[in-house]
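Structural features, examined
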Amino acid sequence: MAFSLVGMALDARADGDPREVSFATADGGRVVANLYGSGERGVVLAHGAVFDKESWADVADGLAARGFMALAIDFRGYGKSVAGTKEHGMDEDVLAAVRYLHEHGAASVSVIGASMGGGASGTAATEARPGEIAHLILLSPVPIAHPEKIHAASVLYIASRDERLAPRIHEQYEKAPDPKRLVLLDGSAHAQNIFETDQAGKLMQILLDAAAGKVSETSE
């Protein structure tokens, strides 16, 4: 599913985008993903439990139009992606995607993860080598065991002010290392469901800015 963002003027999709690619994970799985754009700045897009790689199409187009190489993955068990040997190993899918972008010309790689994908991305950032993940952007992430162990140049948490997970997200944010920021949007929608609300345009701009290392609206 691709979101229709009313009023968003995104540049036209580049010829050939997206391109389907696949790559192995460290535990023997295989991730299938959509690759958009090109450039020395990469972004991994990690979906929530009821979504898939197609759900990031508008965000990926926006990133590609701004000179990013965006990689929207299908987690193991979704689409044509295949699990490896590690139980609950979605973090391995994120790490494999980060390394794929580095191996294909990205000098820096950021990660945007939503809900389940936010938890997988956060866990991956606790296991990543220093410098592998630049900006970590977590949209209503499910909690992880050790947010204090995240390795990233910066961490941004985004959530709806009144969503059910908001208290847990606050707790995770408090434990995460600096530099970090928390952005709260109006409403109660969770993660990628925010794109179906009147906060869609604001969320899109926050994601695009955050991938570039900028956050304009913050609340702690």
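Whatever comes next refers back to the structure up there.
Values in this document were obtained by computation on a predicted structure and should not be read as measured data.

1. Focus on the sheet that holds strand β6 (residues 135–139)
Taking strand neighbours across the sheet as the criterion, the eight strands line up as β1-β2-β4-β3-β5-β6-β7-β8 in an open arrangement whose pairing is mixed. In this open sheet, the two edge strands, each paired with only one partner strand, are β1 (19–24) and β8 (180–185). For this sheet, the mean inter-axis angle between neighbouring strands, taken without regard to orientation, is 20 degrees. The pairing of strand β7 (residues 154–160) with β8 spans six bridges and is classified as parallel. Across the sheet, the residue bridging to S160 is L185, located in β8. Across the sheet, helix α5 (residues 200–211) is in contact with β3 (41–46), β4 (68–74), β5 (108–114), β6, β7 and β8; its angle to β6 comes to roughly 160 degrees.

2. Observations regarding the packing of aromatic side chains
Going through the model one piece at a time under the given rule, you end up with two aromatic pairs. Ring geometry for F23 versus Y100: centroids 4.8 Å apart, planes at 25 degrees, classification stacked. A residue pair is termed long-range when its members are at least 10 positions apart, and F23 in strand β1 and Y100 in helix α2 (residues 90–103) qualify at 77 residues. We classify F23 as buried; its relative accessible area is 7%. Over the face of the ring belonging to F68 we find R41, whose NZ or CZ atom lies 3.9 Å from the ring centre.

Cut-offs and rules
Residues numbered from 1 in each chain as written. Predicted model: local features only at pLDDT ≥ 70, side-chain atom pairs only at ≥ 80, totals over all residues. Heavy atoms only, no water. Pairing = 2+ DSSP bridges. Helix = DSSP H or I, 4+ residues; strand = E, 2+ residues; numbered from the N terminus. Axes fitted to C-alpha atoms, helices over the stretch in contact; angles between N-to-C directions. Contact = heavy atoms within 4.5 Å. Phe/Tyr/Trp six-rings, centres within 6.5 Å; stacked < 30°, edge-to-face > 60°. Buried < 20%, exposed > 50% of the residue type's maximum accessible area, 1.4 Å probe, protein only. Lys NZ or Arg CZ within 6 Å of the ring centre and 35° of its normal.

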